[in-house]
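This is what each chain is made of:
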Amino acid sequence: MNALEVKGLNKSYEKFHLKDVNITLELGYIMGFIGSNGAGKTTTLKSILNMVHVESGDISILGQNFIEHEVELKQNIGYAFGGTDFYTKKKIKNITKIVKRFFENWDDNVYEQYLKKFKLDPDKKVSELSEGMKVKYSLALALSHDAKLLLLDEPTSGLDPVARDGLLELFQELVEDGTRSILFSTHITTDLEKCADYITYINNGRIIDSITKDDFIGKFYLLQGPKDKVKLLESSMIAFKTNAFGFTGLIERNRFKEIEGVEYAAPSLEEIMIYYAMKEDQNAEFTI
Amino acid sequence: MLNLLYKDLRLAINPLFFILPLFTGALMLIPGWLYFIVLLYFCFIMLPNVLGGFKAQNDLMFSIMLPVRKKDIVAARILSFMTYELIYVIIAVVFAAINLRLYNDWPMFFLSPNIAFFGLIFIMFGLVNITLFPIYFKTAYNYGWAAIMANIMGVCFAVGMEILALKVEKFYVFMHLWNPTDIIYHWILLIIGIVFFIITAWIAYLISIKRFEKVDI
């Protein structure tokens, strides 16, 4: 069963367009939603949740149309948009008292368990929590009403490496039993290398790809070679940059033919992101 | 929707605003005063502060993430304001009753705080609500213009009624009827006020949900 299915999502702003966004996420998996700042990650997540009006597109969550069953489906979704930045001067126990009234499947025992597990003090105010603890509080709320789909917008940004690693391990733990899925956006590519099963890469409002992490990385080569070879590959490469020692560039594997003197290797997600961002730039080529 | 109303009253609105009407209501004890001001304090103080509180606490994002419909958010917000308006009115009524006992013979230049006066108060709050919410729900976030316009509406109505009482003798006489057999007319005005208060809230709700549905959050 698909936890989330987005088909042909389009949304236009004056200076930004989401174009034909398609995403499918099965239950039991983690999908990393990656893209540079302003690429459209938050707009996509908000569109999925009907927080912004889309021009076209179908959104299904747990097999049901989201627009038609919004209230019902929200019972099964947990989300965190940039941590918890509402009611920051309220104690979390007071916020929880309000939130739990809205959820039919709320389980106080589960909530207490997660408070203990995440070492959350219910008497603390939201503003007294670290960024990591805020995300954990959002997760504790979501898991206490048995959310099947977690939509998290940049949950790891602002966290130190230890907290980030802990959170990513938690994500893996949460999907282990195959009944939950997580879609989380990030621009920190190492997060995805650690825990994502699927990658959806968005650049300038357009989905570049939405496939398994290995397939995504496996689609590209990172090339390195002397400057005089650039001419041979220029038209095939997604983008490249030159420096005093030669050039480096990104190419789709199916467009690459071995050339003497040009080395190739699997790129990192960060490198793929950088070269795609460069492609968008009119002056993709620059000298360092 | 009731949960949202509970959220607005328990979490979003500072408890101080439950106490404030006790102090403003006590101003009813000033003899021969402009008693519209007592209720206008709701518009001057509470209205912008509460809407500012919603904005500062990022309530819109909090509410929209809950399993509720947008129209429930509108209904809860309007009902929470109506609840506070009623609290202001009820407390003012208590002090007004004391006023009428204390200053029965006091010469009244302005309108007396009697039953008919509270009919006008309900009309004033009805006008405030129908001005405030349709403007506010264009964004459900920016409240400055909505609060200013609602205040202007409230003040204009209050000033208009006081001027009417000063200039039109019949209206002044009607508003100061004391004969027990005529009090029925004051009750009629009060009921008209309450009905107006409810109808304007309903219209404000219908306009606001249309506007709020179009808002991108």
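Residues numbered from 1 in each chain as written. Chains lettered and ligands numbered in written order. Predicted model: local features only at pLDDT ≥ 70, side-chain atom pairs only at ≥ 80, totals over all residues. Heavy atoms only, no water.

**Q** Mind showing me how you'd approach the overall build of chain A here?
**A** The helix and strand inventory of chain A stands at 10 helices and 14 strands. Compactness check: chain A gives a C-alpha radius of gyration of 21 Å against a globular reference of 19 Å for 288 residues, within 12% of the reference. Along the first, second and third principal axes, the C-alpha atoms of chain A reach 65 × 40 × 35 Å. Across the 288 residues of chain A, 51% fall into the buried class. Long-range pairs, those at least 24 residues apart, make up 68% of the contacts in chain A with a sequence separation of at least 6. When the accessible surface of chain A is summed, it comes to about 13200 Å², and 45% of that surface belongs to carbon and sulfur atoms. Here chain A contributes 36 positive and 44 negative side-chain charges, whose respective centroids are spaced 6 Å apart. (Helix = DSSP H or I, 4+ residues; strand = E, 2+ residues; numbered from the N terminus. Rg over C-alpha atoms; globule rule 2.2 N^0.38 Å. Buried < 20%, exposed > 50% of the residue type's maximum accessible area, 1.4 Å probe, protein only. Contact = heavy atoms within 4.5 Å. Areas by Shrake-Rupley, 256 points an atom, 1.4 Å probe, with all protein chains shown as cover. Lys, Arg positive; Asp, Glu negative; His and termini not counted. Charge placed at Lys NZ, Arg CZ, Asp CG, Glu CD.)

**Q** Just checking my understanding: could you explain the confidence of the model for chain B for this structure?
**A** Low-pLDDT portions of the prediction should not be read for the details of their coordinates. Residue and element names in this part refer to chain B. When pLDDT is averaged across chain B, the result is 92; 100% of the residues are at 70 or more. The lowest-confidence element of chain B is helix α1 (residues 2-12), averaging 86 in pLDDT; the highest-confidence one is helix α6 (residues 115-136), averaging 97. Note on the complex model: pTM 0.85, ipTM 0.81. (pLDDT = per-residue confidence, 0-100.)

**Q** Could you clarify how one ought to interpret the interface of chain B and chain A in this entry?
**A** Taken together, the 25 residues of chain B in the interface contact 23 residues of chain A. Interface of chain B and chain A: buried area, both sides summed, is about 2400 Å²; carbon and sulfur atoms make up 65% of it. Inspection of the region where chain B meets chain A yields one salt bridge. Here K11 of chain A makes a salt bridge to D216 of chain B, at a shortest N to O gap of 2.7 Å. Elements with a contribution of two residues or more to the side of chain B that touches chain A: α1 and α4 (59-64) of chain B. Sorting elements by how many residues they give to the side of chain B that touches chain A places α1 of chain B first, with seven residues. Here the side of chain B that touches chain A is built from residues that sort into 14 nonpolar, three polar and eight charged. (Buried area = accessible area lost by both parts, 1.4 Å probe. Salt bridge = Lys/Arg side-chain N within 4 Å of Asp/Glu carboxyl O. Nonpolar A, V, L, I, M, F, W, Y, C, P; charged D, E, K, R; others polar.)

**Q** Looking at this structure, how should I read a nonpolar patch on the surface?
**A** All names here are of chain B. A cluster of nonpolar side chains, contributed by L16, F18, I19, L22 and F23, occupies part of the molecular surface with about 500 Å² of accessible area. Mapped onto the fold, F23 is located in helix α2 (residues 16-26). For F23, a relative accessible area of 61% puts it in the exposed group. (Patch = residues over 30% accessible without salt bridge, like charges linked within 9 Å, V, L, I, M, F, W, Y side chains within 5 Å.)

**Q** Explanation requested: the pairing of strand β12 (residues 239-243) of chain A in the structure shown.
**A** The side chains of a regular strand alternate, first on one face of the sheet and then on the other. All names here are of chain A. Along β12, four of the five residues are buried, which leaves the element largely enclosed by surrounding structure. Where β12 and strand β13 (residues 246-252) come together, five bridges link them in antiparallel fashion. Within β13, the position partnered with K241 by the bridge is T248. Between the antiparallel neighbours β12 and β13 lie two residues. (Pairing = 2+ DSSP bridges.)

**Q** Hey, could you run me through helix α4 (residues 108-117) of chain A in this one?
**A** An α-helical turn contains 3.6 residues, so any two residues separated by three or four positions project in the same direction. All names here are of chain A. Those residues of α4 not exposed but buried are Y111, Y114 and L115. The arc enclosing the buried residues of α4, seen along the axis, measures out at 105 degrees, which places them on a common side. The exposed set on the far side of α4, more than 90 degrees from its buried face, consists of N109, Q113 and K116. Looking at the packing, one finds that the buried side of α4 touches α3 (92-99), α5 (131-144) and α6 (161-175). Capping of α4 at its N-terminal end is provided by D107; its side-chain oxygen lies 2.9 Å from the backbone amide nitrogen of N109. Residue K119 follows α4 closely and has a positive phi angle near 55 degrees. (Arc of directions from axis to C-beta. Polar contact = N/O pair within 3.5 Å; in protein donor to acceptor, adjacent residues only side chain to side chain.)

**Q** Explain the side chain of Q57 of chain B here, please?
**A** Mapping Q57 of chain B onto the fold places it in the loop between α3 (36-56) and α4. Q57 of chain B has contacts with D85, F86, Y87 and K90 of chain A together with L11 and A12 of chain B, leaving out every residue within four places of it along the chain.

**Q** What exactly am I supposed to notice about the state of the cysteines here?
**A** As used here, a disulfide is simply a covalent bond connecting the sulfur atoms of two cysteines. Residues and elements named next belong to chain B. Taken as a whole, this structure holds zero disulfides over all chains when the rule is applied. The structure places no disulfide on C43, whose sulfur is separated from the nearest cysteine sulfur, that of C156, by 12 Å. Judged by relative accessible area, C43 falls into the buried class, the value being 0%. (Disulfide = S-S within 2.5 Å.)

**Q** When you look at the pattern of salt bridges in this model, what are you seeing that I'm missing?
**A** A side chain with one charge can pair with a side chain of the opposite charge if their charged atoms come near. Applying the stated criterion across every chain yields a total of 17 salt bridges over all chains. Between D123 of chain A and K93 of chain A there is a salt bridge; the shortest N-O distance is 2.7 Å. Taken together, the residues D123 of chain A in the loop between α4 and α5 and K93 of chain A in helix α3 connect sequence positions 30 residues apart. Close ionic contact of D146 of chain A with K148 of chain A constitutes a salt bridge, the shortest N to O distance being 3.2 Å. Here the salt bridges share partners, and the residues they tie into one network are K7, D8, D59 and R77 of chain B.

**Q** Honestly, the packing of aromatic side chains in this entry has me stumped. Any pointers?
**A** Describing an aromatic ring pair means giving the distance of the ring centres and the angle of the ring planes. Residues and elements named next belong to chain B. Applying the stated criterion to the full structure yields 28 aromatic pairs over all chains. Pairing Y41 with F44 gives two aromatic rings, centres 6.1 Å apart and planes at 90 degrees, and the pair type is edge-to-face. Here the residue Y41 and the residue F44 both occupy positions in helix α3, the gap between them amounting to three residues, near one helical turn. Residues F109 and F110 carry aromatic rings whose centres are separated by 5.1 Å and whose planes lie at 75 degrees to one another, so their mutual orientation is edge-to-face. (Phe/Tyr/Trp six-rings, centres within 6.5 Å; stacked < 30°, edge-to-face > 60°.)

**Q** Any chance you could explain the sheet that holds β13 of chain A here in plain terms?
**A** Where strands meet in a sheet, backbone hydrogen bonds hold them as pairs that are either parallel or antiparallel. Residue and element names in this part refer to chain A. Spatially, the four strands line up as an open sheet ordered β12-β13-β11-β14, and their pairing is antiparallel. Lying at the two open borders of the sheet, with one neighbouring strand each, are β12 and β14 (263-265). Strand-to-strand twist across the sheet, computed as the mean angle between neighbouring axes with direction ignored, equals 20 degrees. Across three bridges, strand β11 (residues 220-225) lies against β14 in antiparallel orientation. Following the sheet pairing, L222 is matched in β14 by A265. Helix-sheet contacts for helix α10 (residues 269-280) involve β11, β12 and β13, and the interaxial angle to β12 is about 95 degrees. (Axes fitted to C-alpha atoms, helices over the stretch in contact; angles between N-to-C directions.)

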